[in-house]
Amino acid sequence: MQCPGAQYLASAERTPRQREWRPQLYRKCTDTTWLFLFFLFWTGLMFITGYSVAAGATGRLLFGSDSFGNVCGQKNSPVEGAPLSGQDMTLKKHVFFMNSCHLEVKDVRLSSTVLCVASCPGEQLDTLEEVQLFADNNGSFLCVYSLNSINYTQNPNADSLCPRLPVPPSKSFPLFNRCVPQTPECYSLFASVLINDVDILHRILSGIMSGRDTILGLCIFALALSLAMMVTFRFITTLLVHIFIALIIVGLLFVCGVLWWLYYDYTHDLSIELDTERENMKCLLGFALVSTVIMVVLLGLIFVLRKRIKLTVELFQVINKAISSSPFLLFQPLWTFAILISFWVFWMAVLLSLGTAGAARVIEGGQVEYQPLVGIRYMWWYHLIGLIWTSEFILACQHIMVAGALVTCYFNRNKNDPPDRPILWSLSILFRYHQGTAIKGSFLITVTRIPRTILMYISSALEGKQRGPWSRCVCRHCFCCSWCLGICLRQFNQNAYTTTAINGTDFCTSAQGALQLLSKKSSHLTSVQCFGDFIIFLGKVLVVCFTVFGGLMAFNYNRALQVWAIPLLLVAFFAYFVAQSFLSVFETVLDALFLCFAVDLETNDGSSEKPYFMDQEFLSFVKRINRVNAVRAQGAEHASRNEEGAELQPVV
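Once a new chain begins, its residue numbering starts again from 1 and follows that chain's sequence as written. It should be noted that, the model being predicted, local features are given only for residues of pLDDT at least 70 and side-chain atom pairs only at 80 or more, the latter also being counted only at that level, while totals for whole chains, interfaces and linings use all residues. Side-chain measures were taken over the full set of non-hydrogen atoms in the model, leaving aside hydrogen atoms and water.

## Brief notes about the overall build of the chain
By definition, any uninterrupted DSSP run of H or I lasting at least four residues is a helix, any uninterrupted run of E lasting at least two residues is a strand, and each is numbered from the N terminus. Of regular secondary structure, the chain possesses 19 helices and 8 strands. Classification of residues uses two cut-offs on accessible area relative to the type maximum, computed with a 1.4 Å probe and protein chains only: under 20% is buried, over 50% is exposed, and between them is partly exposed. Expressed as a percentage of the 652 residues in the chain, the buried residues total 47%. The contact criterion used throughout is that any non-hydrogen atoms of two residues lie within 4.5 Å. When contacts within the chain are restricted to residue pairs at least 6 apart in sequence, long-range pairs at least 24 apart make up 74% of them.

This is the structure:
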C-alpha cells in the first residue's frame, strides 16, 4: 500500500529493488491487536470511573466529616438509621474534636466525637456557660447537634454531649480544616494520635493541600526554567555551553550542601516529636545521599567529557538546522504537556473517589462509619496500571510524531523545497497506521515499572519492622536492576519508534532492524551522539536542581504538621517531567537524525545514481568528526610506538 500524498515520497521510483530499508515508501497498519487490547483496557478504566463516581465521596477526604456521616461545608443526604445525618453544613466548614486533649484510637476509630462547626474557639473555654456564650456570639455550636445551645447549662447529660472541659484554644489548620489545639500539652497529644495514626494517603494529601500555593509557584518556576533551557539549546554557542555547565556545577554543589545542612539542623532539633518531622528527616537523609551520588557521577562525567564541548556546539547547530525545517516542533511539547496534565487531573479525581468509596454503617449512638467495599484494592492497582500505560502511550505518540516530521524532511531530495506541514503529515500517519506500535512499546515500559512500584510498596509496608540486611540488600538490588532495565528499554523503544516512522514496519521488526543498523555505526559517531544526549540530560538536571532548591527554602518553614518531603518529591518529579517534555524535542531529533543517517548510509553510496539524502552541513560535520578521531588515533599509535621503542639500557 502506497502512502497518500506522493509529494512526500522519498524516491520517485515506483518499483524499487527489494531491500530491507525503504524510507517513506510503504505504509500499513501496524500492531492492530494491541490497539484492540488498549481499547478493552480503557473500557475497564471507564467502568472504574463510573463506579468511583457512584460509590465515592471525595468530600469526606478533602473537607473532613463528622461522626454522623455529614461532610463539613456541604449539604448532605441522610443515612438510614442515623438521625443526626443529612444536615446542611454549608456554613460549618471546620472539623472539631470534642475531646481533643485526650484522643485515643480504639478499633481503628477515634474515641472522640467529631462535629462540624462554623469556627474554632480562639480562646480557652473553662465552663459550659462560656461554651454557651461562644455559641451565641459566633454561631459555632460545640455540643452535639441534638442539644440546643440554650440547654447547654441545664441538660443533665451535658457532660457527655458537650466537649470535655476546659476546651483548649484552637486554630484551623489546612489539615482537612481541622481545629488544632494551640496549648503545648494538648497539641502534643492531639498531633501524636491524629497525625501519627492517620493513613499515609491522608498525610501526603494534607501536605499537598497545606502547601498547594507553594507547589503551584514551584511548578510555574520549573515551567519558566524549562522554556529558558529550550531557548538556550535553540541558540546555543560555545560561551553558553560553558556558562550552562558552570551553572550545573554550582547548582549541584549548592543543592547537595543545603540538603545536608537541613538534615544536620533536623538531627539537632530537640523539639522533634511528631512522625511527620521524623519522616521529613528520613526523607532529607535519602535526598542528601541520592543527590551526593548524582553530583559525584555527573561531575566526573563532566570532567572526562570536557574536551568534546566544541563538537557538541556544532552538533546542536546541525540539530537546530533540522528543527528549522519544522520550527513548530518546539511548540509540540506544549500539547503533550497539556494532554498529560489533563489526564493526570482526571486520574487523581478518580483515585480520590476510589479512596472514599465505602458503605455507610450505623454504630452505637447513631454515629456512622464507612467500610471499604470489596475489590477496591484491586481497582487501585488497575487504576495505577492505567496511569503508567496511558502516560507512556502519550509520550510514545509524541516521539513518533516528532521523528516522523524529521524523517519527512530528511528523506526529501530537494532541500530547497521542504515539504508542507510535515508535523500534520506525521500526525496523520501516526493516527492512521501506527497507534498500535505506540501502545505496544508503552506497554513494555509499563511492565518494567510495575515490579518497581510493587517493590516500593513492599518496602514501605515493611518499614519499621525487623528485616535482615540480606532482605534489604536484595530489595534494593532488584529495584536498581528494574530501574536500569527501564532506562535501556526506553532507548530501545525510541529507536523502534523512529524506525517505524522511517520504514512503516511493526514494533518488533522495527526494533530488530534498528539494532542491526546501529551495531554497524561508527563508535565515534555514537560517542558524539551520547555526549549530546548527556548535555540535554544536564539541562533537565539544572531545572530540577534550582526548582528543588526553591522548594527546600519554601517548605522548610512548615516542619511540624505536614509531610513536606513528599510534596518536594512531587515538585522534583514535575520539574523533571516538564524539562523532559520540552527538551525531549532536541533529544528525539538528535537520535532520529543519527538513525536517519545510518539508514542513508545503508541504502545509498553517494554516487550520482544513489546520492545521499543528508545535506552538506551534516555531511561536513560527520567528516570533521572522522578527521578529529583520525588525528587522535594517529597520536595514540605514535605514542604506543615510542613506548615500544624505548628499551632499557644497561647501567655502566
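The structure having been displayed, the exposition proceeds.
## Some thoughts on the UniProt feature "transmembrane region" (unreviewed entry) in the chain
UniProt positions are given in the numbering used here, feature names are shortened, and annotations may be inferred rather than shown by experiment. Mapped onto this numbering, the UniProt entry annotates "transmembrane region" (unreviewed entry) at residues 34–54, 215–236, 243–264, 284–305, 334–360, 380–411, 530–555 and 561–579. The span residues 243–264 is 100% helical and 0% strand by assignment, and the distance between its end C-alpha atoms comes to 31 Å.

## A word on the packing of aromatic side chains
The pairing test for Phe, Tyr and Trp rings, Trp by its six-membered ring, is centres within 6.5 Å, and the orientation test on the planes gives stacked under 30 degrees, edge-to-face over 60, and tilted for anything in between. Scanning the model with the defined rule gives 19 aromatic pairs in all. Their ring planes at 45 degrees and their centres at 5.1 Å tell us that Trp-34 and Phe-443 sit as a pair that is tilted. Remark: Phe-443 occurs in helix H14 (residues 435–461) and Trp-34 occurs in helix H1 (residues 32–55); sequence separation between them is 409 residues. For Trp-34, a relative accessible area of 21% corresponds to the partly exposed category. Every member of this aromatic cluster is reached through a ring pair, and the members are Trp-34, Phe-38, Phe-41, Tyr-382, Trp-389, Phe-393 and Phe-443.

## Side note on H1
Take the residue count of a helix, subtract one, and multiply by 1.5 Å to get its expected span. Given a rise of 1.5 Å per residue, 24 residues ought to cover 34 Å, and the 35 Å separating the end C-alpha atoms of H1 matches this to within 8%. Where H1 is concerned, the buried positions are Phe-38, Phe-41, Gly-44, Leu-45, Ile-48, Thr-49 and Ser-52.

## So, the packing of H1 against helix H11 (residues 332–355)
For helices, the fitted line uses only the C-alpha atoms of the stretch in contact; every axis is such a line through C-alpha atoms, and the angle between N-to-C directions lies from 0 to 180 degrees. At a minimum axis separation of 8 Å, H1 and H11 run at an interaxial angle of 50 degrees. In terms of orientation, H1 and H11 fall into the oblique class. Note that H1 runs across H11; the crossing there is left-handed. Residue-level inspection shows Trp-42, Met-46, Ile-48, Thr-49, Tyr-51 and Ser-52 of H1 in contact with H11, the latter providing Phe-343, Phe-346, Val-350, Ser-353 and Leu-354. Among the residues forming the contact of H1 with H11, the class breakdown is 8 nonpolar, 3 polar and no charged. Roughly parallel means an angle under 35 degrees; roughly antiparallel means over 145; roughly perpendicular covers 65 to 115; every other angle is labelled oblique. In this scheme, a crossing is called left-handed if the near helix is turned counterclockwise away from the far one by less than a right angle; it is called right-handed if the turn is clockwise. Gly counts as polar in this scheme, as do all residues outside two lists: the nonpolar Ala, Val, Leu, Ile, Met, Phe, Trp, Tyr, Cys and Pro, and the charged Asp, Glu, Lys and Arg.

## Comments concerning the packing of helix H12 (residues 376–410) against helix H13 (residues 422–433)
Axis separation between H12 and H13 bottoms out at 8 Å; the angle between their running directions is 125 degrees. Comparing the axis directions of H12 and H13 gives the class oblique. The hand of the H12/H13 crossing is right-handed. For the pair formed by H12 and H13, the contact residues are Cys-397, Ile-400, Met-401, Gly-404, Ala-405, Thr-408 and Cys-409 on the first element and Pro-422, Ile-423, Trp-425, Ser-426, Leu-427 and Leu-430 on the second.

## Considering a negative patch on the surface
Patch criteria: residues need more than 30% relative accessible area and no salt bridge. Like-charged residues are merged within 9 Å; nonpolar side chains of Val, Leu, Ile, Met, Phe, Trp and Tyr are merged within 5 Å. Surface exposure here means Shrake-Rupley accessible area, sampled with a 1.4 Å probe, where a residue is shielded only by the protein chains that are shown. Salt bridges are identified by distance alone: a Lys or Arg side-chain nitrogen within 4 Å of an Asp or Glu carboxyl oxygen. Only four residue types enter the charge count: Lys and Arg as positive, Asp and Glu as negative, with His and the chain ends excluded. For the purpose of locating charges, the reference atoms are NZ of Lys, CZ of Arg, CG of Asp and CD of Glu. Taken together, the side chains of Glu-123, Asp-126, Glu-129 and Glu-130 present a region of like negative charge at the surface. Tracing the backbone through its elements, the reader meets Asp-126 in the loop between strand E4 (114–117) and helix H3 (128–138).

## Looking at the state of the cysteines
Covalent bonding between the sulfur atoms of two cysteines defines a disulfide. Any cysteine sulfur atom paired with another within 2.5 Å is treated as part of a disulfide. Taken as a whole and assessed by the stated rule, the structure comprises 3 disulfides. A sulfur-sulfur separation of 2.0 Å characterises the disulfide bridge that pairs Cys-72 with Cys-116. Judged by the sign of its S-S torsion, about -80 degrees, the bond between Cys-72 and Cys-116 is left-handed. Here the residue Cys-72 occupies a position in the loop between helix H2 (58–63) and strand E1 (94–97), and Cys-116 occupies one in strand E4, the gap between them amounting to 44 residues.

## Regarding the nonpolar core
Among the nonpolar cores identified, the biggest contains 97 residues, and Phe-233, Phe-244, Tyr-410, Phe-586, Phe-618 and Phe-621 are the most heavily contacted of them. Here the element with the most residues in this core is helix H18 (residues 565–603); it accounts for 22 residues. Once you skip the residues sitting within four places of it in the chain, Phe-586 turns out to touch Met-230, Phe-233, Arg-234, Ile-319, Asn-320, Ile-323, Leu-330 and Ile-536. Here, nonpolar core refers to any group of buried Ala, Val, Leu, Ile, Met, Phe, Trp, Tyr and Cys residues whose side-chain atoms link them within 4.5 Å. Grouped together as the second largest cluster of nonpolar side chains are 29 residues, Cys-116, Tyr-152, Ala-158 and Cys-179 included.

## Looking at a nonpolar patch on the surface
On the surface, a cluster of nonpolar side chains totalling about 410 Å² of accessible area is made up of Phe-36, Leu-37, Phe-39 and Leu-40. Assignment of secondary structure puts Leu-40 in helix H1.

## Considering the side chain of Ser-67
With respect to the helices and strands, Ser-67 occurs in the loop between H2 and E1. By relative accessible area, which is 8% here, Ser-67 ends up buried. Here a polar contact is recorded for every N or O atom pair within 3.5 Å, except that within protein the pair must consist of a potential hydrogen donor and a potential acceptor, and residues adjacent in sequence are included only if both atoms are side-chain atoms. Here the side chain of Ser-67 touches Val-114 through a polar contact of 2.7 Å, landing on its backbone nitrogen.

## With respect to unusual backbone geometry
Look at the link from Leu-165 to Pro-166: it is a cis peptide, with omega at -5 degrees. Mapped onto the elements, Pro-166 comes out in the loop between helix H4 (158–161) and strand E5 (170–173). At Asp-31, a residue that is not glycine, the phi angle is positive and equals roughly 50 degrees. Looking at the secondary structure, you find Asp-31 in the segment before H1. Classification of Asp-31 as buried rests on a relative accessible area of 14%.

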